[in-house]
Amino acid sequence: LQIQFLFGMIALAVLLIIVITIYQKNSLYLYYEAKLDGLTGLLSRQQFFQEAERLLEGLPFEKGEKTAYFIMIDVDLFKKINDQYGHPAGDKVLVEIAAGLKKAFGKKGLTGRFAVFIHHFMTEKELKELLTRLKEDISRIDVLETAVTCSVGVIPIGERCTADEMYHRADVLLYEAKRKGRDQFVFEERP
């Protein structure tokens, strides 16, 4: 009887460990999922700004050829794609652009929907090469004979500022790129 009781307690303990492990993994998964945009898998806007603020605090600001950058990207005529081909086509475009952002900037910076904070310093020339490749990848997205392009605003970070300030400055440049004819990137003059 004592041996049966002992085996019963061991089985109950093992079952309890399994339940606790599954609960912890599920909690971690839900926490991770809450940080991401559901469609693109990029960081959600709130999470992106929180992480960007944290990274900005530790960023060394030195005068030199290499710097950090904040980038805003917008799909040109996206409403037209949604209206003409439907939301599934628009979703496909967003997912493929997100994949391009991860490919281009995933190891060099923080990627959100559709903003990038490059905290690994690089030259403007290096960044322009990455942006050119990204634009080429985006132009290969197939949406029934419609060319997909994007406009980009780029802020070099040479002084202390907040993620919100970078966002607003990059947004102004993004719309300047659209006014200049779309399908291009516009850099702010370095401070």
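A quick note: this is a predicted structure, and the numbers were derived from the prediction, not measured.

Lay out the overall build of the protein chain in plain terms, naming residues and giving numbers.
Looking only at helices and strands, the protein chain has 6 helices and 5 strands in total. Whereas a compact globule of 191 residues would reach a radius of gyration of roughly 16 Å, the protein chain reaches 23 Å, over 25% beyond that. Based on the C-alpha atoms only, the size of the protein chain along its principal axes is roughly 85 × 45 × 25 Å. Split into buried and exposed, the 191 residues of the protein chain put 40% on the buried side. Of the contacts made within the protein chain by residues no fewer than 6 positions apart, 72% connect residues no fewer than 24 positions apart. One finds the centroid of the 26 positive side-chain charges in the protein chain at a distance of 3 Å from the centroid of its 27 negative side-chain charges.

So what's going on with the packing of helix α4 (residues 87–105) against helix α5 (residues 124–139)? Which residues, and what values?
If you want to describe how two helices pack, look at the angle between their axes and the distance between the axes. Running from N to C, α4 and α5 cross one another at 155°; their axes reach a closest spacing of 10 Å. Classed by the angle they form, the pair α4 and α5 counts as roughly antiparallel. In this structure, the crossing between α4 and α5 has a hand that is right-handed. Contacts between α4 and α5 involve I97, G100, L101, K103, A104 and F105 on the former and, on the latter, L127, L130, L131, L134, D137 and I138. Its residues assigned to classes, the contact of α4 with α5 shows 9 nonpolar, 1 polar and 2 charged.

Now, about the nonpolar core: what can you tell me, with residues and values included?
Among the nonpolar cores identified, the biggest contains 30 residues, and I71, I97, L101, F105, L127 and V148 are the most heavily contacted of them. What L127 contacts, discounting residues up to four positions off in sequence, is Y69, I71, F105, I118, M122, V154 and F187. L43, F49, F117 and V186 belong to the second largest nonpolar core, which has 24 residues in total.

Tell me about the sheet that holds strand β2 (residues 109–112), and please be specific about residues and values.
Across the sheet, 5 strands lie side by side as β2-β3-β1-β4-β5; this open sheet has mixed pairing. Each edge of the open sheet carries a strand with a single partner, namely β2 and β5 (185–187). Strand-to-strand twist across the sheet, computed as the mean angle between neighbouring axes with direction ignored, equals 20°. As paired elements, β2 and strand β3 (residues 115–122) share 4 bridges and run antiparallel to each other. Residue pairing for β3: L110 is matched across the bridge by F117. In the packing of α4 onto the sheet, contacts are made with β1 (67–75), β2 and β3, and the angle to β1 comes to roughly 165°. Across the face of the sheet, helix α6 (residues 163–179) comes into contact with β1, β3, β4 (150–157) and β5 while running at roughly 140° to β4.

Kindly report on unusual backbone geometry, identifying the contributing residues and their values.
Glycine aside, residues mostly have negative phi, and peptide bonds are mostly found in the trans state. Notably, R182 is not glycine yet its phi reads approximately 65°, a positive angle. Among the secondary structure elements, R182 is positioned in the loop between α6 and β5. Owing to a relative accessible area of 35%, R182 belongs among the partly exposed residues under this scheme. Even without a glycine there, the phi angle at D183 is positive, about 55°. With respect to the element layout, D183 can be found in the loop between α6 and β5. A relative accessible area of 34% places D183 in the partly exposed class.

Give a detailed account of the pattern of salt bridges, specifying residues and quantitative values.
As enumerated under the stated definition, the model contains 12 salt bridges in all. A salt bridge links D74 to K178; the nearest nitrogen and oxygen atoms lie 3.0 Å apart. Here K178 lies in helix α6 and D74 lies in strand β1, a separation of 104 residues in the sequence. Judged by relative accessible area, which is 27%, D74 ranks as partly exposed. For D76, the salt bridge is made with K178, and the minimal N-O distance between the two is 3.0 Å. Separated by 102 residues along the polypeptide, D76 in the loop between β1 and α3 (78–85) and K178 in helix α6 bring together distant segments of the chain. For the pair D76 and K178, one class covers both residues: buried. One salt-bridge network, held together by shared partners, links D74, D76 and K178.

Analysis parameters
One numbering rule holds for all chains: residues counted from 1, following each sequence as written. A pLDDT threshold of at least 70 governs which residues receive local features in this predicted model, and a stricter bar of 80 or more applies before side-chain atom pairs are shown or counted, although totals over entire chains, interfaces and linings include all residues. Only hydrogens and water are set aside; all other atoms, that is, all heavy atoms of the structure, feed into the side-chain values. Think of it this way: any DSSP run of H or I at least four residues long counts as a helix, any run of E at least two long counts as a strand, and we number them from the N terminus. It is over C-alpha atoms that the radius of gyration is taken, and the globule rule equals 2.2 Å times the number of residues to the power 0.38. Three exposure classes are used, based on accessible area relative to the maximum for each residue type with a 1.4 Å probe and protein chains only: buried under 20%, partly exposed in between, and exposed over 50%. Contacts were defined at the residue level, with two residues in contact if any of their heavy atoms lie within 4.5 Å. By the counting rule applied here, Lys and Arg register as positive and Asp and Glu as negative, while His and the ends of each chain are not counted. To locate a charge, take atom NZ for lysine, CZ for arginine, CG for aspartate or CD for glutamate. Axis lines are fitted through C-alpha atoms, for helices just across the contact stretch, and the angle between N-to-C directions can take any value from 0 to 180 degrees. Every angle not falling under 35 degrees, over 145, or within 65 to 115 is termed oblique; those three ranges are roughly parallel, roughly antiparallel and roughly perpendicular. The crossing is said to be left-handed when, going from far helix to near helix, the turn is anticlockwise and less than a right angle, and right-handed when the turn is clockwise. Each residue receives one of three labels: charged for Asp, Glu, Lys and Arg, nonpolar for Ala, Val, Leu, Ile, Met, Phe, Trp, Tyr, Cys and Pro, and polar for the others, Gly being one of them. Put simply, buried Ala, Val, Leu, Ile, Met, Phe, Trp, Tyr and Cys residues joined by side-chain atoms within 4.5 Å make one nonpolar core. Two strands pair under a simple rule: DSSP has to find at least two bridges between them. What makes a salt bridge here is a side-chain nitrogen of Lys or Arg within 4 Å of a carboxyl oxygen of Asp or Glu, nothing more.

Interpretation in functional terms is not warranted from these geometric data alone.
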